[in-house]
Amino acid sequence: MRTLTSLLGNSQKLDGGAMFGNAPRAMWSQWLAPDEQHRVPLACRCLLVREDDGRRILLEAGIGAFFAPELKTRYGVVEDGHVLLDNLAAAGCSHEDIDVVVLSHLHFDHVGGLLAAWDGGPARLLFPKAQFVVSRSAWQRAKEPHARDRASFIPELITLLENSGRLVLTDGETPDCLPADYRFHLSDGHTPGMLLTEIPLEGGPVVYAADLIPGASWVHVPITMGYDRFPEQLIDEKRGLLDDLLTRQGRLFFTHDPQHALARVARDGKGRFHAAEQLPRLTALAS
């Protein structure tokens, strides 16, 4: 039996204007209330999949606790400890038990949890037996970032992954380390080669929506982030994915939504997409 469990990592607070790019504050502040510094609360949520052959697969690792104190404050990381490790333990396993980690892309808020918490020493890679799946174009972007997003990557982590001998690059095909019925949707609007993992379940597939649709508020097609590389392309990619999932009764798993982990794709009477049947967490979505 395949079982899906949502796991929270360290949370963040980021500028609401950046997170909702083209939407006015009068609109986005109704969706996520800003604090006195105009920051909105964000989750860094991961998905643990237990397969019936015993494999444990983790989709993303969140932001983690690798930042030194001054950068932790700059990037709005809330907790001091490594929250993902605590929640893995609560789910009955540790980072040492994970067989595969699928990384949608290599921005620090999606991969920082691969590193041990900051202690003043050199960066240390956790997940000692896991294979790390990432797209070839996302890997290339991290190796040779543009000036616009250079600060989004962790150079030490890129080196550690490269030297681990466990890096698996894909051009969109499902690698052997994953079940054969997994599939990837590729997206370039946020960053080159972002992998959206689709996992089939009874009742409709679940897609890890990463930063194409980071939360329920972003299901509305025109809403993008200020961090997106090509917003118009992202909107087209989003519409295509939502159309596809609507016909297949699909669901979206949200990494950054502070309240909701999962929602079914729906369309209202005016033809607008929205998130329906929203769930705050997953403890055992099974098939």
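Residues numbered from 1 in each chain as written. Predicted model: local features only at pLDDT ≥ 70, side-chain atom pairs only at ≥ 80, totals over all residues. Heavy atoms only, no water.

- Where an unreviewed UniProt entry is consulted, the chain appears under the name Glyoxylase-like metal-dependent hydrolase (Beta-lactamase superfamily II), with the organism given as Aquitalea magnusonii.
- For the record of the chain, the UniProt heading Sequence similarities (unreviewed entry) holds the text "Belongs to the metallo-beta-lactamase superfamily." (UniProt positions renumbered as here; feature names shortened; annotations may be inferred.)

**Focus: the nonpolar core**
Phase 1 of the analysis: Counting residues in hydrophobic clusters, the biggest one holds 54 residues, and the most contacted among them are Leu47, Ile213 and Leu252.
Phase 2 of the analysis: Examining the composition of this core, we find that five residues originate from one element, helix H8 (residues 231–247), more than from any other.
Phase 3 of the analysis: Setting aside residues no more than four positions away along its own chain, leucine 252 makes contact with Val207, Ala209, Ile213, Val219, Leu241, Leu242, Leu245, Ala261, Leu262, Ala263 and Val265. (Core = buried A, V, L, I, M, F, W, Y, C linked by side-chain atoms within 4.5 Å. Buried < 20%, exposed > 50% of the residue type's maximum accessible area, 1.4 Å probe, protein only. Helix = DSSP H or I, 4+ residues; strand = E, 2+ residues; numbered from the N terminus. Contact = heavy atoms within 4.5 Å.)

**Describing the side chain of asparagine 10**
Phase 1 of the analysis: Residue position: asparagine 10 is located in the loop between strand E1 (3–8) and strand E2 (12–15).
Phase 2 of the analysis: The buried category is assigned to asparagine 10, whose relative accessible area is 1%.
Phase 3 of the analysis: A polar contact is formed between the side chain of asparagine 10 and the backbone oxygen of glutamate 79, at a distance of 3.4 Å.
Phase 4 of the analysis: Here the side chain of asparagine 10 touches valine 83 through a polar contact of 3.1 Å, landing on its backbone nitrogen.
Phase 5 of the analysis: Excluding residues within four positions of it along the chain, asparagine 10 makes contact with Cys44, Ile63, Gly64, Ala65, Val77, Glu79, Gly81, His82, Val83 and Leu84. (Polar contact = N/O pair within 3.5 Å; in protein donor to acceptor, adjacent residues only side chain to side chain.)

**Brief notes about the sheet that holds strand E12 (residues 251–253)**
Phase 1 of the analysis: What the six strands build is an open sheet, ordered E9-E10-E11-E12-E13-E14; its pairing is mixed. Every other strand in the sheet has two partners, leaving strand E9 (183–187) and strand E14 (273–279) as the edge strands with one partner each. Across the sheet, the axes of successive neighbouring strands diverge by a mean angle of 30°, strand direction being ignored.
Phase 2 of the analysis: As defined by bridge partners, strand E13 (residues 262–267) adjoins E14 across five bridges and the pair is classed as antiparallel. Of the residues in E14, the one forming a bridge with valine 265 is alanine 275.
Phase 3 of the analysis: On the sheet, H8 packs against E9, strand E10 (194–199), strand E11 (206–208), E12, E13 and E14 and is oriented at approximately 90° with respect to E13. (Pairing = 2+ DSSP bridges. Axes fitted to C-alpha atoms, helices over the stretch in contact; angles between N-to-C directions.)

**A few points about helix H4 (residues 83–90)**
Phase 1 of the analysis: Within the sequence span of H4, burial applies to Val83, Leu84 and Leu88. Projection of H4 onto a plane perpendicular to its axis shows the buried side chains occupying an angular sector of 135°, all on one side. Facing away from the buried side of H4 by over 90 degrees, the exposed positions are Asp86, Ala89 and Ala90.
Phase 2 of the analysis: Contacts from the buried residues of H4 go to E1, strand E4 (45–50) and strand E5 (56–59).
Phase 3 of the analysis: At the exit of H4 stands glycine 92, carrying a positive phi of roughly 90°. (Arc of directions from axis to C-beta.)

**Quick look at the UniProt feature "domain: Metallo-beta-lactamase" (unreviewed entry) in the chain**
Phase 1 of the analysis: Taken from the UniProt record, the annotation "domain: Metallo-beta-lactamase" (unreviewed entry) applies to residues 43–256.
Phase 2 of the analysis: The span residues 43–256 is 25% helical and 18% strand by assignment, and the distance between its end C-alpha atoms comes to 4 Å.

**Re the packing of aromatic side chains**
What describes a pair of aromatic rings is the distance from one ring centre to the other and the angle between the planes of the rings.
Phase 1 of the analysis: Scanning the model with the defined rule gives eight aromatic pairs in all.
Phase 2 of the analysis: A ring pair is formed by phenylalanine 67 and tyrosine 75, whose centres lie 5.0 Å apart and whose planes are at 15°; its orientation type is stacked.
Phase 3 of the analysis: For phenylalanine 67, a relative accessible area of 10% puts it in the buried group.
Phase 4 of the analysis: Taken together, the aromatic side chains of Phe20, Trp28, Trp31 and Trp218 make up a single cluster linked through ring pairs. (Phe/Tyr/Trp six-rings, centres within 6.5 Å; stacked < 30°, edge-to-face > 60°.)

**Details of the pattern of salt bridges**
Phase 1 of the analysis: With the rule as written, the count across this model stands at 16 salt bridges.
Phase 2 of the analysis: A salt bridge links glutamate 51 to arginine 2, with the shortest nitrogen-to-oxygen separation between them at 2.9 Å. Of this pair, glutamate 51 sits in the loop between E4 and E5 while arginine 2 sits in the segment before E1, placing them 49 residues apart in sequence.
Phase 3 of the analysis: Of the charged contacts, one joins arginine 55 and aspartate 53 as a salt bridge, the two residues approaching to 2.8 Å between their closest N and O atoms.
Phase 4 of the analysis: Residue arginine 55 is classed as partly exposed on the basis of its relative accessible area, which comes to 23%.
Phase 5 of the analysis: Each of Arg183, Glu198, Asp244 and Arg248 takes part in salt bridges that share partners, so that together they form one network. (Salt bridge = Lys/Arg side-chain N within 4 Å of Asp/Glu carboxyl O.)

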